[in-house]
Amino acid sequence: MDLAIANLPIRGNDGYVYGRIDKIAALAAKAKILRLKALPRFCNTKVDAYWQDAMDAVNTLKTEADAAGFGLATDVVGMWYDQQMMRDTELLMYEELTAPGRLGLMQRPTSAGGNSGWFKLAWQAVKEYPMANGLSIDDPTSGYDEDIWSANRDPRLYVNITFNGQLWDFPDFPGNRTWMFKGATGGGRDANNHGVTSRKFSNQNWDLATAQTNRAFDQAYVRYTELLLWEAECANELGNASVAFDNIVLLRDRAGIPAGGDGRHGLAAGVGSNYQE
């Protein structure tokens, strides 16, 4: 791994080609492996030295990625549609998918000529999205109502998930709504009993003809967002909870979750001081 890191090109240098493994991708692979080594699933007893190794690898990756011009994509909607923007900002390791319309058509609802229903989501994943105020749905003060679970949620939910009755229109299908209950005549494969599917990668600005012929999006394996989460996790395990707090706030701020009166973007009071809990 270190030999590859020392010899592979970096963006902007001779020998660099989009889509091929480069120095940044190799650094990302090393950081990911060392983080996995430190996790409880592979290490029954916490070993601080493993977390320090992971932190060192993450810091090196962040330094190199920042110097190469990577960073957070600011458009949380367009980031799933704009291939070049993602390559320029977020994608540290990715696979170039070239099949025309592969993901765009698979995600587009059948009521708009697509094949929605391929990527179903577990209800547990939906529940992880906090409320628009940043509070967990388990917080009794959050305002969550399980009977109207999609109301007033984290803005990312509406970008990433399609659910029954949601407006999801296109230039050639104005006013289109997705319906996925049994017997429905539109939406996720006309009768998707699952109720929720992924909404990513289906550009709402494309008509069907464009979606059928446009290049597919890249498959992300490591994004800059993950780099920040790895840094937060490693810092927390090494006793620097303030870094964990700052990184999570950075991501919540980008998502559009308001800071609130305490400036914590809905994070619990204990987050930052005892985040491991």
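Residues numbered from 1 in each chain as written. Predicted model: local features only at pLDDT ≥ 70, side-chain atom pairs only at ≥ 80, totals over all residues. Heavy atoms only, no water.

Draft legend 1. Region of the structure containing the overall build of the protein chain. A tally of helices and strands in the protein chain yields 10 helices and 4 strands. Among the 277 residues that make up the protein chain, the fraction classed as buried is 46%. The contacts in the protein chain between residues at least 6 apart in sequence include a share of 63% that link residues at least 24 apart. A total accessible area of about 13,900 Å² is found for the protein chain, and carbon and sulfur atoms account for 51% of it. (Helix = DSSP H or I, 4+ residues; strand = E, 2+ residues; numbered from the N terminus. Buried < 20%, exposed > 50% of the residue type's maximum accessible area, 1.4 Å probe, protein only. Contact = heavy atoms within 4.5 Å. Areas by Shrake-Rupley, 256 points an atom, 1.4 Å probe, with all protein chains shown as cover.)

Draft legend 2. Broad picture of unusual backbone geometry. For asparagine 152, which is not glycine, the phi dihedral falls at a positive 60°. Mapped onto the secondary structure, asparagine 152 falls in the loop between α6 (123-127) and α7 (155-160). The exposure class assigned to asparagine 152 is exposed, which follows from its relative accessible area of 56%. Residue histidine 265 is not a glycine yet carries a positive backbone phi of 55°. With respect to the helices, strands and loops of the structure, histidine 265 is situated in the segment after α10 (241-255). A relative accessible area of 5% places histidine 265 in the buried class.

Draft legend 3. Structural context of the packing of aromatic side chains. Following the criterion strictly, the structure yields 4 aromatic pairs and no others. Ring centres of tryptophan 123 and tryptophan 149 lie 5.1 Å apart, and the angle between their planes is 90°; this geometry places the pair in the edge-to-face category. In this pair, tryptophan 123 sits in helix α6 while tryptophan 149 sits in the loop between α6 and α7, placing the two residues 26 residues apart along the sequence. Accessibility expressed as a relative area gives 37% for tryptophan 123, which makes it partly exposed. Ring geometry for tryptophan 149 versus phenylalanine 163: centroids 5.2 Å apart, planes at 70°, classification edge-to-face. One end of the pair, tryptophan 149, is in the loop between α6 and α7; the other, phenylalanine 163, is in strand β2 (residues 161-163), with 14 residues separating them in the sequence. (Phe/Tyr/Trp six-rings, centres within 6.5 Å; stacked < 30°, edge-to-face > 60°.)

Draft legend 4. Summary view of helix α2 (residues 23-38). Here α2 is 16 residues long and its end C-alpha atoms lie 23 Å apart, about the 22 Å a rise of 1.5 Å per residue gives. At its buried positions, α2 is contacted by α1 (2-7), α3 (48-67), β1 (91-95), β4 (219-223) and α9 (224-237). You can read the cap of α2 off the contacts: a side-chain oxygen lies 3.4 Å from the backbone nitrogen of isoleucine 24, and it is on aspartate 22. (Expected span 1.5 Å × (residues − 1). Polar contact = N/O pair within 3.5 Å; in protein donor to acceptor, adjacent residues only side chain to side chain.)

Draft legend 5. Seen up close, α3. Between the first and last C-alpha of α3 there are 28 Å, a value that for 20 residues agrees with the 28 Å anticipated at 1.5 Å per step. Turning to α3, its buried residues number three or more, namely Trp51, Ala54, Met55, Ala57, Val58, Leu61 and Ala65. Each buried residue of α3 lies within a common arc of 165° when the element is viewed along its axis, so the set occupies one face. Exposed and facing more than 90 degrees away from the buried side of α3 are Thr63 and Ala67. Here the buried face of α3 lies against α2, β1 and α9. In the stretch just after α3, glycine 69 is the one whose phi turns positive, near 95°. (Arc of directions from axis to C-beta.)

Draft legend 6. Looking closely at the confidence of the model for the protein chain. Within the protein chain, residue pLDDT values average 85, and 88% of them lie at 70 or more. Across the protein chain, the secondary-structure element scoring lowest on mean pLDDT is helix α5 (residues 102-107), at 71, and the one scoring highest is α3, at 97. Note on residues 187-191: pLDDT is under 50 here. Beyond four places in sequence and across chains, it has 25 contacts. (pLDDT = per-residue confidence, 0-100.)

Draft legend 7. Fine view of the nonpolar core. One finds Ile24, Leu61, Phe70, Leu92 and Tyr224 to be the most contacted residues of the largest nonpolar core, which totals 32 residues. Only α2, α3, β1, α9 and α10 provide two or more residues apiece to this core. Here the element with the most residues in this core is α2; it accounts for 9 residues. Setting aside anything within four residues of it in sequence, one finds tyrosine 224 in contact with Lys62, Ala65, Asp66, Phe70, Gly71, Leu72, Thr89, Glu90 and Leu92. With 14 residues, the next largest nonpolar core counts Met79, Tyr94, Leu105 and Phe201 among its residues. (Core = buried A, V, L, I, M, F, W, Y, C linked by side-chain atoms within 4.5 Å.)

Draft legend 8. Molecular detail of the packing of α9 against α10. Look at α9 against α10: their axes get within 7 Å of each other, and the N-to-C directions meet at 155°. One element, α9, and the other, α10, form an angle in the roughly antiparallel class. You can see that α9 and α10 cross each other, and the crossing is left-handed. Counting all contacts with α9, which are made through Thr225, Leu228, Leu229, Glu231, Ala232, Ala235 and Asn236, the residues of α10 involved are Ala241, Val243, Ala244, Asn247, Leu250, Leu251 and Arg254. Within the contact of α9 with α10, the residues separate by chemical class into 9 nonpolar, 3 polar and 2 charged. (Axes fitted to C-alpha atoms, helices over the stretch in contact; angles between N-to-C directions. Parallel < 35°, antiparallel > 145°, perpendicular 65-115°, else oblique. Left-handed = near helix turned anticlockwise from the far one by under 90°. Nonpolar A, V, L, I, M, F, W, Y, C, P; charged D, E, K, R; others polar.)

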